[in-house]
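Descriptive structure summary
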Amino acid sequence: MAPNSSTGAVAPPRPARSRRSVWGERGIELLIYASGVSAIVFILAILFFILREAAPVLFSDRFSLTQFLFSTEWYPTSASNVRYGTLALSAGTLAVTVLAMVLAVPFGLGGAVFLSQFCGPRLRESLKIIIELLAAIPSVVWGFIGLTVMSRLIVTYTGAPVGVNVLNGGIILALMSVPIIVSIGEDALKAVPDSYIEAATAMGATRWQLVFRVLLPAARNGLLAAVLLGVGRAIGETMAVLMATGHAVQIPHGILDSVRTLTANIAAELGEAPAGSEHYQVLFLTGVLLFTITMLVNLAADLIIRGVRARK
Amino acid sequence: MMGQPVSGTRPDHPTRTIAAAALLAALAVLAACGGGAGGPQSQTTTIQNKGSDTMVNVAQAWAEEYKRVAPAVDVEVSGGGSGVGIAALLRGTVDIATASRNMKAEEIEQAKRNTGRTPHEVIVGYDALAVYVHQSNPIESISIEQLADIFGERGATVNWSQLGVRIPGASGDTIVRVSRQSSSGTYEFFRDHVMGNLDFKLGSRDMNGSKEVVELIGGTPTAIGYSGMGYATPAVKMLRIAARTGDPAFPPSVENTLNKTYPLARSLQLYTLGEPQGAVKAYIDWILSDAGQKILEESGYVPLPSEQRNK
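Since we're looking at a predicted model, the values are computed, not measured.

Cut-offs used in this document
Residues numbered from 1 in each chain as written. Chains lettered and ligands numbered in written order. Predicted model: local features only at pLDDT ≥ 70, side-chain atom pairs only at ≥ 80, totals over all residues. Heavy atoms only, no water. Helix = DSSP H or I, 4+ residues; strand = E, 2+ residues; numbered from the N terminus. Buried < 20%, exposed > 50% of the residue type's maximum accessible area, 1.4 Å probe, protein only. Contact = heavy atoms within 4.5 Å. Polar contact = N/O pair within 3.5 Å; in protein donor to acceptor, adjacent residues only side chain to side chain. Core = buried A, V, L, I, M, F, W, Y, C linked by side-chain atoms within 4.5 Å. Pairing = 2+ DSSP bridges. Axes fitted to C-alpha atoms, helices over the stretch in contact; angles between N-to-C directions. 1 Å grid on protein atoms, 1.4 Å probe; cavity = no way out; pocket = protein on both sides within 12 Å on 5 of 7 lines; lining within 4 Å. Points joined across faces, edges and corners; volume = space filled by probe spheres on them. Nonpolar A, V, L, I, M, F, W, Y, C, P; charged D, E, K, R; others polar.

**Re the environment of Glu 73 of chain A**
As for its position among the elements, Glu 73 of chain A is in the loop between α2 (65-70) and β1 (74-75). Taking the relative accessible area as the measure of exposure, Glu 73 of chain A reaches 28% and is therefore partly exposed. Discounting chain neighbours no more than four positions away, the residues touching Glu 73 of chain A are Arg 83, Tyr 84 and Gly 85 of chain A together with Glu 153 and Leu 202 of chain B. A polar atom in the side chain of Glu 73 of chain A sits 2.7 Å from the side chain of Arg 83 of chain A.

In structure tokens, the structure reads:
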């Protein structure tokens, strides 16, 4: 008997593909690859651009990096004593962002949990539309709301001398961050496999136990990403805080004090700084500082996720 | 049978429909843009005017009135502060920079280096820089030294009680200082003339424009701030200013500005690169004439006395 190897029948030849379709496919793959890599390219290009504008002042003799980072005195246009100290500005950014997150995270995550677990489909659709609407409001409109409506409410209910302060900026930023946290958080919760939910219910878990002990831990990465995006929006927000925080260079001693954030400072002063002057370069250095702060926040969150994953 | 698509649920060529719709939309946008720009084919000259926030309202009023006088000339006005206007002039992106302060020596040097031309200054009016407090504040007058003590970096005055003032119905004693951002000519004028070029105390609320300063003071009983005389509202009052403690104090007014008894009188000027030519010169001549000066006066500023005007 002939050996029953599969070489008995010769494999049919593959149908020839036209050259055009082969190269066409490679072309599209290259395009998709380039689009994916482009995000990295853009970030590096932005970093390179702002570093190039800020570099001359870094190497100048009169400029001291310690003073820039740790002094509270910001007098870039002084006629007698020019000082560039961003500590008060960084404190302003920190204060407003922390307050915004303290207000936004409970409401955002709570909203995400409600949307994914506790409400009926029709209510869910309407709520999602309303929340997307909140996200679509331009930031300058938020700033205007903070400057007019919110400041009057704050003066009436807290007896603060001025209604534009950390509290005002924090509330406005929280209102801007909540839609992001809810949207992405809800997606993260939806992505938890049904088998987890079914298993928990089969074991007799109540809805609250299901959410708190199964869903939230399982969706931890996605929820952390949602909060991070909210933080990113709060740190980078310019127009709303420019109008709602009172624009005062000082370290706040309470939430009723006015502050100035790094972003609002750049927006207010870049127009008058003559291109290439020291003031201009220091403002770009502030941009580098903002970039670094955002990267550090993302890095810290990444490490936390890794730590969480390792412990599991 | 399984697998048969329900008829009518899919359009035949979705890609083609989308492409056609996109092409139509693009054509519509191009047609709209082209149509708008290709309107009246007359020769309109545009004059770019940027700068002082103190002067932005009167600059806008001049631009609108001048459109009636010379319809072929379009004057585009924007604010941002005297510093922003001067910076734009140094880059050569505007024709006229309005400023409520004088150009500094280094700015003039930079203009010569960047553009090869020397800035030309034209004084178009005067203004009194008023110090505002809330209506309910009992204080009536203040001296330059006391102002320097409140606003200046080394100043020791932080509470109203240190000035012997008690504000009825106020929630605290701390003086709420309302100032301007550093791009403002008003800010620089105040720093030069009240604090002798020493810096402001940190922690003042630095507002965007002259109007915002008065609005904030109007809503805050413990506030004090400075802005142009023309921005007064019924919710605030202007203090009389004395040059030194013990000297007579004068209120901001047209006559006190012209006869220099009011200590914080300042000139409002326009800057151009080199002597103004052509359409810009005609516009500036009109501003210096009685017609332009009448608009300045109606806006709340002090017009040029007749010997400085254009006839």
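And the narrative resumes.
**Things to note about the nonpolar core**
Counting residues in each nonpolar core, the largest one holds 70 residues, and the members touching the most others are Trp 62, Val 124, Phe 151, Ile 224, Leu 264 and Tyr 283 of chain B. Tallying contributions element by element places strand β4 (residues 119-134) of chain B first for this core, with nine residues. When sequence neighbours within four positions are dropped, the list of residues in contact with Leu 264 of chain B reads Asp 127, Ala 128, Leu 129, Val 131, Ile 144, Phe 189, His 193, Val 194 and Ile 241 of chain B. Counting 54 residues, the second largest nonpolar core, distinct from the first, contains Tyr 84, Ala 160, Ala 273 and Leu 283 of chain A.

**Some remarks on the sheet that holds strand β5 (residues 141-143) of chain B**
Residues and elements named next belong to chain B. Pairing is mixed in the open sheet, where three strands are placed in the order β5-β10-β11. A strand with exactly one partner marks an edge of an open sheet, and here the two such strands are β5 and β11 (249-250). Where β5 and strand β10 (residues 240-242) come together, three bridges link them in parallel fashion. Residue pairing across strands places Ser 141 opposite Arg 240, the latter belonging to β10. Strand contacts of helix α5 (residues 144-151): β5 and β10, with the helix running at about 80° to β5, the strand carrying the most contacts.

**Some details on the side chain of Arg 191 of chain B**
Here Arg 191 of chain B is to be found in helix α6 (residues 185-195). On the accessibility criterion, Arg 191 of chain B (1% relative accessible area) is buried.

**Structural notes on the side chain of Ser 151 of chain A**
In this fold, Ser 151 of chain A is placed in helix α5 (residues 139-158). Aside from chain neighbours lying at most four places away, what touches Ser 151 of chain A is Gly 146, Gly 163, Val 164 and Asn 168 of chain A.

**A closer look at the layout of surface pockets**
Of the voids in this model, the largest pocket is the one considered here, and its volume is about 730 Å³. The wall of the largest pocket is formed by 34 residues, among which Thr 77 of chain A together with Lys 104, Glu 106, Glu 107 and Glu 188 of chain B lie closest to the centre. Going through the elements one at a time, α12 (278-311) of chain A together with α3 (82-91), α4 (105-115), α6 and β12 (265-273) of chain B are the ones with two or more residues in the lining of the largest pocket. Considering each element in turn, the lining of the largest pocket owes the most residues, five residues, to α6 of chain B. Of the residues contributing to the lining of the largest pocket, the split by class is ten nonpolar, twelve polar and twelve charged. Space inside the second largest pocket adds up to approximately 630 Å³. Taken together, 26 residues form the lining of the second largest pocket, with Leu 147 and Val 164 of chain A together with Met 207, Glu 212 and Glu 215 of chain B sitting closest to its centre. Of all elements in the fold, only α5 and α10 (239-244) of chain A together with β7 (205-207) and α7 (210-218) of chain B reach the threshold of two or more residues within the lining of the second largest pocket. Per element, the largest residue contribution to the lining of the second largest pocket is six residues, and it comes from α5 of chain A.

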